[in-house]
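# Examining the three-dimensional arrangement
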Amino acid sequence: MTRDDLARFRAGFAHCELVMLADTAARTVLTFDSAIHQGQERLDDLCATACALFRADLPVSGMALLSGPRGSRLFLQMPQEPSEVICAVLGPRADLPAICAAAGQLGDPESMT
Amino acid sequence: MTDHPSIATILARAAALGTDSDSLAAASAEEAQGFVLDAIAACIAPRELTILDGGIPLLRLEAASGQLSRIVELPDNAPAEAQALSCKPLKFSEVEAVARTLARLLPGDQRLQCRSTPPLRPPDPAHSGIASDALCRQLGLALPDAVIPDRWAYLLAAAEEVLVAVIEPGHPTRQFRPSHPIPGTLERQLQTLLEPPSPAANILNGNEILFFILASDPDLAIGLARDGSHPRALVIEAEAMADVAAFWASLPHVPIACAPD
């Protein structure tokens, strides 16, 4: 997945501020696209949350959403490579059902053909 | 990253709240009217606001200091009462007529956008206009924080149709599907998750809920929350997870209809 793929995805939705691909095995950010400049520490925070969600003792499968008054953060494991996680930062009025469905397709190359 | 803390805070807040908050798919009248009132409230310096519905201009407003100072342009088919308000400085005594105009033009089920530009001419300082708060009250809208005493209870009531169970340490599990209670193994697993040190404790920020699809049963989703030191979990249908999460995130930002003043 390239930065252009993430940029195209982000451009498709209002209130989608950042999309990032993280490698939770290597605990590193692979690529990202954002509406405004994001500091490395913010990307690292998001990566650390993805690691905590999918590599800790939580019985999580595939998708997780952290939602609150300041918006939502979406985490989606890539079906082909579960250590890779798509992370998105979304505003409080983002269309989560549509974004979750589209993120699922983004993470599944077979559905893109 | 800049080492100026105030700039860092501003960037973090912008990243969380959104840079494109000038568009909204407004399903209800409350959402549509709240969107326009938010735009008026956000105007500190004088601005001309063009509200578009489905990409077509709906109305142009002039606002400053959180007050609606003028209605610049209305649709041709707007009623006579509304047309009489346009292109003149607004007075507080016109709050009822302005609210009726906004209510007519913003019935909901609209895809709204707001474009903000400097006004062609400076507003008349002798006429302050009508405060967005006053319009909000006149339209019978209130911010959720002012009218919802218990947001968690409000969420449970709103999610009633997809709610399966609620688990809180020290309380009996509340089952919402008596004919299909959650398995005892899942109940024990969630009670263990809620005991300190919970693996979710360091992930949750204030008022956040962590929703996830359950690994052992993909038809179910879990919502883990924390109220101070009080953890709790809800079990919902997995298909509804994104809808429930969206409701929780937008809840503080969407006005609620209440009795007008």
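Above this note sits the structure.
The structure presented is a predicted model; accordingly, all values stated were derived computationally and were not measured.

A common way to state how big an interface is: give the accessible area lost once the parts meet. Counting from both sides, the interface comprises 38 residues of chain A and, opposite them, 46 residues of chain B. At the boundary of chain A with chain B, total buried surface from both sides reaches about 3300 Å², with 64% on carbon and sulfur atoms. When the buried surface of chain A facing chain B is broken down by residue, P59, P69 and R93 of chain A rank first, second and third, together holding 21% of it. The interface formed by chain A and chain B includes two salt bridges. The shortest N-O distance in the salt bridge between R73 of chain A and E208 of chain B comes to 2.8 Å. Remark: the boundary between chain A and chain B carries nine residue pairs in polar contact (both at pLDDT 80 or more). Of all the elements in the fold, those that place two or more residues in the side of chain A that touches chain B are β1 (16-23), α2 (40-54), β3 (60-68), β4 (71-77), β5 (84-90) and α3 (96-106) of chain A. It is β3 of chain A that provides the largest number of residues to the side of chain A that touches chain B, a total of eight residues. Considered class by class, the residues forming the side of chain A that touches chain B number 21 nonpolar, 10 polar and seven charged.

Next up on the list: the pattern of salt bridges. All names here are of chain B. Considering all chains together, one arrives at 11 salt bridges over all chains under this definition. For R60, the salt bridge identified is with E48, shortest N-O distance 2.6 Å. Of this pair, R60 sits in strand β3 (residues 56-64) while E48 sits in strand β2 (residues 47-53), and the two are 12 residues apart along the sequence. For R60, a relative accessible area of 23% puts it in the partly exposed group. In the salt-bridge network here, residues are joined through shared partners; they are E48, R60 and E73.

It is worth spelling out the layout of surface pockets at this point. Size it by volume and the second largest pocket reaches roughly 700 Å³. Lining the second largest pocket are 30 residues, and of these R93 and A94 of chain A together with L24, A25 and E31 of chain B lie nearest its centre. Of all the secondary structure elements, the ones that give two or more residues to the lining of the second largest pocket are α3 of chain A together with β1 (23-26), β5 (110-117) and α9 (241-250) of chain B. Taken together, the residues of the lining of the second largest pocket break down into 20 nonpolar, five polar and five charged.

Quick look at the environment of D124 of chain B now. Residue placement: D124 of chain B occurs in the loop between β5 and β6 (130-131). Note: C-alpha distance between D124 of chain B and P89 of chain B (35 residues apart in sequence) is 7.5 Å.

Cut-offs applied
- Residues numbered from 1 in each chain as written.
- Chains lettered and ligands numbered in written order.
- Predicted model: local features only at pLDDT ≥ 70, side-chain atom pairs only at ≥ 80, totals over all residues.
- Heavy atoms only, no water.
- Contact = heavy atoms within 4.5 Å.
- Buried area = accessible area lost by both parts, 1.4 Å probe.
- Salt bridge = Lys/Arg side-chain N within 4 Å of Asp/Glu carboxyl O.
- Polar contact = N/O pair within 3.5 Å; in protein donor to acceptor, adjacent residues only side chain to side chain.
- Helix = DSSP H or I, 4+ residues; strand = E, 2+ residues; numbered from the N terminus.
- Nonpolar A, V, L, I, M, F, W, Y, C, P; charged D, E, K, R; others polar.
- Buried < 20%, exposed > 50% of the residue type's maximum accessible area, 1.4 Å probe, protein only.
- 1 Å grid on protein atoms, 1.4 Å probe; cavity = no way out; pocket = protein on both sides within 12 Å on 5 of 7 lines; lining within 4 Å.
- Points joined across faces, edges and corners; volume = space filled by probe spheres on them.

The quantities given are spatial measurements derived from coordinates; they are silent on function.
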